[in-house]
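Chain by chain, the residues:
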Amino acid sequence: MPKPDIGVQGQFIGPNGDAGIVQAADLGVGWIKQQIDWNSIEYARGLYRWAEIDHLVAQAQKRGLKIMFSVARAPGFSRPAPVEEDGPPSDFTIFRDFMHALSSRYKGRVAAYELWNEPNLKREWRGFDLSAEKFVELIQRGAQGVREGDPNAIIISGAPAVTGIDDGVNAIDDRVYLRGMIAAGVGELVDAIGAHPYGAGNPPDERAADPTHKASSYNNHPSFFFLDTIEDYHQILTEAGLSQLIWITEFGWPSVQNFSQVDTTGWEYAREVSETDQANYLVQAIQLRRERPWLGPMIIWNLNIAPLLGADRSESAYGLIRPDGSLRPAYQQLRSAGE
């Protein structure tokens, strides 16, 4: 059934990219999201490798899929030495220039751009201290590049990670960070606010304050609950007088059923989520959107990462497709579900 405001993130570049686009279209979703590793595209200042992205865009257009690019990971030439992985450029104008080049090339063909990924985590923001204010400076530069390159493209603020950690060094609590982004003026720069409301092992309609929980761990903090996160973000935006929609640019539930090799130390809840649970939770989360007009599109993470990474990687547990390429119940149930 068609789901025009639902999408999937996947690997739509490379040898399995075309198959992923076909599978996304088969699901009936309206969107695909591709993480753009900036460092793999701009190999020297102003020099780009576009061929794989050109192919992705052409194939997605053939299938009638809207495209969202999420851009992160600055190239080494733009980072302080010694280069630490997964951080922003030293000079944010380089990000503006890349976003201008990207949006100009795909003007009218790529519908939305998400600027950066989970910047409240140290591992995504190396080279700078964690700072919502500094992140909004990066957004300002990136948004300027997109506005000049494709004025009709939708700009989404990079979503904070839901962590339950607020030590200021390894992570800043996502609610604290979002308030900091708002105070720094993000509402004047973007069309939508990105969110990653992962639910650990908790069903999408549970909340941290509920007297009992299905999952035996990661059940004591609002950041571990899908519904708490989207409701808290909505309240924060409403209190600030902002009218932007919340775009759920990543969400999902992991299941390691039949993944005997994977080490779940620290995220044991993935063994409590069956493949059937995973399917049901995704559909239930989509249904929660019906009564919340302040939610924009919802992007499921992830379509086809498991065949790429294998069964021993934690990311694979979120996939709609098993490591051997077979379809999980989540894929099959989503295909027949409406919005």
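Up top is the structure.
In what follows, the accompanying structure is described. Since we're looking at a predicted model, the values are computed, not measured.

With that settled, the discussion passes to helix α1 (residues 17–27). Taken as a whole, α1 has its buried residues at G17, G20, I21, A24 and L27. End-on, the buried residues of α1 take up no more than an arc of 120 degrees, which puts them together on one face. Turning to α1, the residues buried within the fold contact β1 (3–9), β2 (29–37), α3 (51–62) and α10 (329–336). Once α1 finishes, G28 follows within two positions and takes phi at roughly 90 degrees, a positive value.

Turning our attention to the packing of helix α6 (residues 174–183) against helix α7 (residues 226–239). Geometry of a packed helix pair, given as the angle between the helix axes and the separation of the axes. One way to put it is that α6 packs onto α7 with a least axis distance of 11 Å and a crossing angle of 25 degrees. With respect to α7, the axis of α6 lies roughly parallel. α7 is crossed by α6, and the crossing has right-handed handedness. Along its contact with α6, which presents D174, R175, L178, R179 and I182, the element α7 presents D228, T229, D232, Y233, I236 and L237. For the contact of α6 with α7, a count of residues per class yields 5 nonpolar, 1 polar and 5 charged.

Applying the stated criterion across every chain, the model contains 23 aromatic pairs. Ring centres 6.3 Å apart and planes at 65 degrees place the aromatic pair F69 and Y113 in the edge-to-face group. Pair noted here: F69 is in strand β5 (residues 66–72) and Y113 is in strand β6 (residues 112–115), with a separation of 44 residues, a long-range link. Assigned by exposure class, F69 and Y113 land together as buried. Ring centres of W125 and F128 lie 6.0 Å apart, and the angle between their planes is 40 degrees; on these two criteria the pair is classed as tilted. The class of W125 is buried, set by a relative accessible area of 0%. Overall, the relative accessible area of 25% leaves F128 in the partly exposed class.

Moving on, we come to the packing of α1 against α10. Two elements in contact, α1 and α10, have axes separated by 8 Å at closest approach and are oriented at 50 degrees. It follows that α1 is oblique to α10 by the angle criterion. Note on element contacts: α10 touches α1 through Y331, L334 and R335, opposite Q23, D26 and L27. A per-class count over the contact of α1 with α10 returns 3 nonpolar, 1 polar and 2 charged.

In this section: the sheet that holds strand β7 (residues 154–157). Spatially, β1-β2-β5-β6-β7-β8-β9-β10 is the arrangement adopted by the 8 strands of the closed barrel, whose pairing is parallel. Looking at each pair of strands side by side, their axes are set apart by 25 degrees on average, direction ignored. As paired strands, strand β9 (residues 245–251) and strand β10 (residues 295–301) are joined by 3 bridges and run parallel to one another. The partner of F251 across the bridge, within β10, is I300.

Looking now at the nonpolar core. Counting 85 residues, the largest nonpolar core has V8, I32, F69, F251 and L320 as its most contacted members. Leaving out residues up to four positions away in the same chain, V8 has contacts with A24, L27, V29, W31, I32, K33, I299, I300, L303 and L320. F224, V256, F259 and I305 belong to the second-largest nonpolar core, a separate cluster that totals 16 residues.

The rules behind these values
- Residues numbered from 1 in each chain as written.
- Predicted model: local features only at pLDDT ≥ 70, side-chain atom pairs only at ≥ 80, totals over all residues.
- Heavy atoms only, no water.
- Buried < 20%, exposed > 50% of the residue type's maximum accessible area, 1.4 Å probe, protein only.
- Helix = DSSP H or I, 4+ residues; strand = E, 2+ residues; numbered from the N terminus.
- Arc of directions from axis to C-beta.
- Contact = heavy atoms within 4.5 Å.
- Axes fitted to C-alpha atoms, helices over the stretch in contact; angles between N-to-C directions.
- Parallel < 35°, antiparallel > 145°, perpendicular 65-115°, else oblique.
- Left-handed = near helix turned anticlockwise from the far one by under 90°.
- Nonpolar A, V, L, I, M, F, W, Y, C, P; charged D, E, K, R; others polar.
- Phe/Tyr/Trp six-rings, centres within 6.5 Å; stacked < 30°, edge-to-face > 60°.
- Pairing = 2+ DSSP bridges.
- Core = buried A, V, L, I, M, F, W, Y, C linked by side-chain atoms within 4.5 Å.

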